[in-house]
Amino acid sequence: MIVTLIVACEVAFWVLLAAGLTFRYAFGMPRTGLALLLCEPLLEVVLFAVTAIDLRNGAEPDWKHGLAAVYIGFTVGLGHSTIKWADARVAHRFAGGPPPVGPPKYGAARAVHEWRVAGRWVLAAVVATALLQAAIWYVGSGGETDSLRAWQMRMMWLIGINVIIALSYTLFPKQERAKLR
């Protein structure tokens, strides 16, 4: 049931995003579009509540409960930037907005961009880890929590990988090649 709900939340995320942007740009109803986009966090609240109820009703914590926590963390850390990314492209394509600005390619500006990206991923992993820890405490010492701790380790790896990537752009910045005449 939890996996089905996670899939339903993911589908609903994209449906709400498409509906919000459609109302915003195609129908010229920006407030209705904004209201639809603001419904996105409700998906995570529902998923969180159902997962907590499932655990409270005696379900043994397993990979599905961990996946639910990770999904919520990723939506918290990356959801806003995903919506901004889609909004910029839809505004440009269908509403005469300016072309979306890509990330910088070189130097310190690229390093700053990579640290911002890493920050979003770290936020996602920290939220997921905190939810996983809350689930571990909620289940208590009598429950089997190894699968939740395994998800926590994955989140630590995710943080490490993102910090290494951002650090590499800081320590070894890509330089623009000299133009040939």
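### Observations regarding the layout of surface pockets
- Within this model, the largest pocket holds a volume of roughly 590 Å³.
- S81, W85, V101, H113 and R120 are, among the 18 residues lining the largest pocket, the residues nearest its centre.
- When contributions to the lining of the largest pocket are tallied by element, the ones reaching two or more residues are α4 (63–95) and α5 (107–139).
- Residue contributions to the lining of the largest pocket peak at seven residues, all from α4.
- Of the residues belonging to the lining of the largest pocket, the class tally is nine nonpolar, five polar and four charged.
- The calculated volume of the second largest pocket comes to roughly 270 Å³.
- Lining the second largest pocket are 15 residues, and of these L37, E40, P41, H80 and I83 lie nearest its centre.
- For the lining of the second largest pocket, the elements supplying multiple residues, two or more each, are α1 (2–26), α2 (30–38), α3 (40–56) and α4.
- The element best represented in the lining of the second largest pocket is α4, accounting for seven residues.

### Structural notes on the pattern of salt bridges
- On inspection of all chains with the given rule, the structure shows three salt bridges.
- When the shortest N-O distance is used, the salt bridge between R24 and D87 registers 3.5 Å. Of this pair, R24 sits in helix α1 while D87 sits in helix α4, placing them 63 residues apart in sequence.
- In this structure, the salt-bridge partner of R110 is E114, at a minimum N-O distance of 2.8 Å. Pair noted here: R110 and E114 are both in helix α5, with a separation of four residues, about one helical turn.
- For E114, a relative accessible area of 11% translates into the label buried.

### A few points about the nonpolar core
- By size, the foremost hydrophobic cluster in this structure holds 17 residues, and its most contacted members are I6, C9, F13, L17, L47 and Y71.
- Contributing elements (two or more residues each) for this core: α1, α3 and α4.
- Per-element tally for this core: the top contributor is α1, with eight residues.
- For I6, the residues in contact, after removing those within four places along its chain, are L47, K64, L67, A68 and Y71.
- Counting 13 residues, the second largest nonpolar core, distinct from the first, contains L148, W151, M155 and I159.

### Comments concerning the environment of L158
- Mapped onto the elements, L158 comes out in helix α6 (residues 146–171).
- On the basis of relative accessible area, L158 is assigned to the buried category, the value being 18%.
- Between the C-alpha atoms of L158 and A124, which are 34 residues apart in sequence, the distance is 9.5 Å.
- When residues no more than four places from it in sequence are discounted, the contact partners of L158 are F74, W121 and A125.

Rules used in this analysis
- Residues numbered from 1 in each chain as written.
- Predicted model: local features only at pLDDT ≥ 70, side-chain atom pairs only at ≥ 80, totals over all residues.
- Heavy atoms only, no water.
- 1 Å grid on protein atoms, 1.4 Å probe; cavity = no way out; pocket = protein on both sides within 12 Å on 5 of 7 lines; lining within 4 Å.
- Points joined across faces, edges and corners; volume = space filled by probe spheres on them.
- Helix = DSSP H or I, 4+ residues; strand = E, 2+ residues; numbered from the N terminus.
- Nonpolar A, V, L, I, M, F, W, Y, C, P; charged D, E, K, R; others polar.
- Salt bridge = Lys/Arg side-chain N within 4 Å of Asp/Glu carboxyl O.
- Buried < 20%, exposed > 50% of the residue type's maximum accessible area, 1.4 Å probe, protein only.
- Core = buried A, V, L, I, M, F, W, Y, C linked by side-chain atoms within 4.5 Å.
- Contact = heavy atoms within 4.5 Å.

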